[in-house]
Amino acid sequence: MNTARHLARFAITSRPDPAVEAVAAPAILDCIACILAGVDSPAASRSRAALASLGSGPVPVLGTALTLPAPTAALVNAVAGHAWDMDDWEEPGNTHPTVVLFPALLAAAHLRPVTGAELLAAYAVGIEVIMRLGQALTLDHYKRGFHATATLGAIGAAAAVARLLGLSEDQAEHALALSVSQAMGYTAQFGSTAKPLQAGFAARTGVEAALLARAGATAQPHVLDDKRGFAGVLAPHDAARLAAIPDRLGAPWGLLQYGLAFKPWPSCGYTHRLMTAAAEIRDRLNGETAGIVAIRASLPDFHHAILPFHQPRNQAEALFSAPASIARMLVSGGLTLADGAAGFWTEPEIRRLIALTVLVPEPARDPSLNFDPEQPDRLQVTLSDGLELSASCAYPLGAPQNPMPPDRLAAKWHEITGRPVSQYRAMLRWPQAADIATFLRQEAD
C-alpha cells in the first residue's frame, strides 16, 4: 500500500490512547485563546473583510457575530489563531498543528453532530499524520524554505476532517491525496500577513479536500510517495523513511511521545530559547540594563534563517526578531500582546540594546534535531565594568521538556483573552461534551 492508504486506514479506524486527552484538552483551549486574542489583528480583520462578502454559512467565526461557510470559517479562524505566533507547536514536523486542525474540525463539527470524544479522536489522528510525515520528510523540508504548518498541516487536517465526517477508507485516501495539491507555504513569507494566511489556507484545504472526496473527487494516491510528488519535490526522497510510517502510527501516539510546546510569549519559537536565557540574566542584573555595552547570541543556523529582522519595522516583523525579543526580556522580563500593540521595539532602551546585539549562527550539530540539548542557544551580556554574564538554554519555557504548569496555561488564557480562569477550567471538559458545537457556543460566548 502507498503512504496515503496507510494514513487513511489509520485515520478512519484507529482508537487513540485515552492518555492523549491530557495533552489535547489544554491544546484546544490554548488555540481558542489565540483565536480570540488575534481576532482583531490586521491579518484576521483583512481576511474577514475579504471573504465575508462571499456569503454566510453555519460556522461561527470565534470572537465575532459572523458565521461563514465551513471552508471559509476554517481559514479565518486559523488566521486569527496564528496572527500573533502564540499558538502551540510540535517538534518532529516543526509545525503549529492545533491552529490548523482545530479550525478545520470546528468547521466540520457544524456539518454534522459531533461529540467531544469524536473531535478528540480526529484531532489526535491529525497530529499523528503531521508528526509521522514530518519524521519521514525530516527537518530538511523546513530548511528548504517550506512552511511546514501549511504543508504538513493541510494533509493532517484532511485526515482529521475525514475521520470526523466518517469518510470511508477509499474516500479518506483520496482526501489526503487531494490535499497535497494545495499543501504549500513558504518561510520566506514570515513577517507578513501571508504567514498566518498560510495556516488558514491549510485549514481550508483540509475541509475542502474531505468534502470533495466525500462527493467522489479522486486523486492519485501515490502523490505522497512519488519522487515527483510531495515527498520527492519538497524533501529529500527517502523510501525507507516513508516505509517506516505505518509501524510508527500510534506506536506510541505522537502526542504522548513528543507532546506539544505551549508558548508563553507572542514571538517565533526560535526566539524563545534566547528569551529564556535572557530572563535568567535579567534576574542577575536585578532588571538594570543601563550598564550593558554588548550582547552576543549564538543559535543554530537554520533557526537564525527564520529570524531575518534585526531591527523590526512593525509588529509582524517583531515576531521574528531575536534582538528585539532578547532586548524586551532584558528590560521587562516578559513580552506581551500589549507590548506588541504599543510598538515595544521603538522604545529608546530597546533600540539601544538591539543595536548592541550580535547574532552568531552556528552549523547544526545534529541536523535531525530541532532543539538539540547538546547545542543550546547561548547568550552573553557584557557590562561597562567588563563583567560578562552568560546563560544558555536547551529547551525554552513551554517546551515539553520545560513545561508551563497548568496554572500558567490558565493564566495565559486570562492574559490574552481577558476572560476569567474559571471559564478556562470549565471548558477543559470539552472532551466529554455530547455536542461539541453546542458546548463551545454555550461555554465560550
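What you see is a predicted model, and the numbers here were worked out from it, not measured in a lab.

Criteria and thresholds
Residues numbered from 1 in each chain as written. Predicted model: local features only at pLDDT ≥ 70, side-chain atom pairs only at ≥ 80, totals over all residues. Heavy atoms only, no water. Helix = DSSP H or I, 4+ residues; strand = E, 2+ residues; numbered from the N terminus. Rg over C-alpha atoms; globule rule 2.2 N^0.38 Å. Buried < 20%, exposed > 50% of the residue type's maximum accessible area, 1.4 Å probe, protein only. Contact = heavy atoms within 4.5 Å. Areas by Shrake-Rupley, 256 points an atom, 1.4 Å probe, with all protein chains shown as cover. Lys, Arg positive; Asp, Glu negative; His and termini not counted. Charge placed at Lys NZ, Arg CZ, Asp CG, Glu CD. Core = buried A, V, L, I, M, F, W, Y, C linked by side-chain atoms within 4.5 Å. UniProt positions renumbered as here; feature names shortened; annotations may be inferred. Pairing = 2+ DSSP bridges. Axes fitted to C-alpha atoms, helices over the stretch in contact; angles between N-to-C directions. Salt bridge = Lys/Arg side-chain N within 4 Å of Asp/Glu carboxyl O.

As a further point, take the overall build of the protein chain. Within the protein chain, the secondary structure is distributed over 23 helices and 6 strands. Relative to its length of 445 residues, the protein chain is compact, with a C-alpha radius of gyration of 21 Å against a globular reference of 22 Å. Expressed as a percentage of its 445 residues, the buried residues of the protein chain come to 59%. In the protein chain, 77% of the contacts between residues at least 6 apart in sequence involve partners at least 24 apart. As presented, the protein chain carries roughly 16100 Å² of accessible surface, and 53% of it is formed by carbon and sulfur atoms. When the 34 positive and 40 negative side-chain charges of the protein chain are each reduced to one mean point, those points stand 3 Å apart.

Right, let's get into the nonpolar core. Generally speaking, soluble globular proteins have nonpolar side chains that are buried together. Residues Ile32 and Tyr123 are the most contacted members of the largest nonpolar core, which totals 160 residues. The residues touching Tyr123, leaving out its near neighbours within four places in the chain, are Ala24, Ala27, Ile28, Asp88, Thr98, Leu101, Leu105, Leu255 and Leu260.

A few words on the UniProt feature "domain: MmgE/PrpD C-terminal" (unreviewed entry) in the protein chain. Mapped onto this structure's residue numbering, the UniProt feature "domain: MmgE/PrpD C-terminal" (unreviewed entry) falls at residues 265-422. Helix makes up 39% of residues 265-422 and strand 18%, and the two end C-alpha atoms of the span are 22 Å apart.

Next up on the list: the sheet that holds strand E5 (residues 377-383). Each strand in a sheet pairs with its neighbour through backbone hydrogen bonds, running either in the same direction (parallel) or in the opposite one (antiparallel). Strand order in the open sheet made by the 4 strands is E4-E3-E5-E6, with mixed pairing throughout. Edge strands, defined here as strands with exactly one partner in the open sheet, are strand E4 (357-362) and strand E6 (388-393). Averaged over all adjacent pairs, the angle separating strand axes in this sheet is 15°, with direction ignored. Note: strand E3 (residues 292-300) against E5, 6 bridges, orientation antiparallel. Counted as the bridge partner of Ile292 is Leu383 from E5. Each of E3, E5 and E6 touches helix H15 (residues 272-285); the most contacted strand, E6, lies at about 145° to it.

This brings us to the pattern of salt bridges. Enumeration over the complete set of coordinates arrives at 21 salt bridges. The salt bridge involving Arg132 is made with Glu128; its shortest N-O contact spans 3.0 Å. In this pair, Arg132 and Glu128 both sit in helix H6 (residues 116-137), 4 residues apart, roughly one turn of the helix. The same class applies to Arg132 as to Glu128, namely buried. Note that Asp372 is salt-bridged to Arg365, the shortest N-O span being 2.8 Å. We classify Asp372 as buried; its relative accessible area is 3%. Beyond isolated ion pairs, a larger network of salt bridges with shared partners links Arg5, Arg9, Glu169, Asp170 and Glu173.

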